[in-house]
Amino acid sequence: MKKAYTIGIADGSAGGKSTFAQRLQAALSDLEVLLLPMDAYFKPEGDRPTATGRTGRSYRDDNNPESFDLPRLRRDVSDAAENGSCRVLIVEGLLTLWDCGLYEQLDLRLFVDCRADERIVRRLKRNMQWGYTFDEIADVYLDLVRTRHDMYVEPSRWKADLVINGSGCTDNALAVLASYIRTQL
């Protein structure tokens, strides 16, 4: 039984990593592809850390490594890669390239690059659809999310094998990646 080819995709909040991962999965639809989103590994809300932002307000810190059950994610990646249930395994999330144990499990490391202004606009649109107000979203972003991005996400960009344009059309990148991944199988 051959180990699954394991791909990690990282980027900041609302940067396009989930969309790109889903598009890559679709481009490889003739293969057995499993997609593991890091968001599925959030600890229960009461077990996640809180942080105080520059305004003195406290927030649940969902952009902190301590908010995720990273040992379980690493085990699930290992199990899925080894058990023959898929030929390609895609792991996507904020800290996919940050966590050393997870990073070492990856065969290909991608970072979806999207400028901060575009990410905040996407985050505003998405979270307002979820019922949050403009001020609630902007406050937590300015107080905490961008700080965590600078601490954890942005430095992981330099650990990527490839950086993908998260602002523009990714059809060419998808075609090249799908072709390359097929050669690795």
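Residues numbered from 1 in each chain as written. Predicted model: local features only at pLDDT ≥ 70, side-chain atom pairs only at ≥ 80, totals over all residues. Heavy atoms only, no water.

> Could you give an account of helix α4 (residues 116-129), with specific residues and numbers?
Here α4 contains 14 residues, and its C-alpha end-to-end distance of 20 Å stays within 8% of the 20 Å for a straight helix at 1.5 Å per residue. Turning to α4, its buried residues number three or more, namely Arg119, Ile120, Arg123, Leu124 and Asn127. Seen along its axis, α4 keeps its buried residues to an arc of 135 degrees; they face one direction. Opposite the buried face of α4, by more than 90 degrees, sit the exposed residues Lys125 and Gln129. Elements in contact with the buried residues of α4: α5 (134-156). A positive backbone phi angle near 105 degrees is found at glycine 131, which sits one or two residues after α4. (Helix = DSSP H or I, 4+ residues; strand = E, 2+ residues; numbered from the N terminus. Expected span 1.5 Å × (residues − 1). Buried < 20%, exposed > 50% of the residue type's maximum accessible area, 1.4 Å probe, protein only. Arc of directions from axis to C-beta. Contact = heavy atoms within 4.5 Å.)

> How would you explain the nonpolar core if you had to name every residue and give the values?
Counting residues in hydrophobic clusters, the biggest one holds 24 residues, and the most contacted among them are Met38, Leu73, Val77, Leu89 and Leu97. The set of elements that each furnish at least two residues to this core consists of α2 (70-82), β5 (88-92), α3 (100-105) and α5. For this core, the leading source of residues is α2, giving 5 residues. If we skip the residues at most four places from it in the chain, leucine 89 touches Ala4, Tyr5, Thr6, Ile7, Leu34, Leu36, Val77, Ala80 and Ala81. The next biggest cluster of nonpolar side chains, apart from the first, holds 20 residues, and it includes Tyr5, Phe20, Ala21 and Val88. (Core = buried A, V, L, I, M, F, W, Y, C linked by side-chain atoms within 4.5 Å.)

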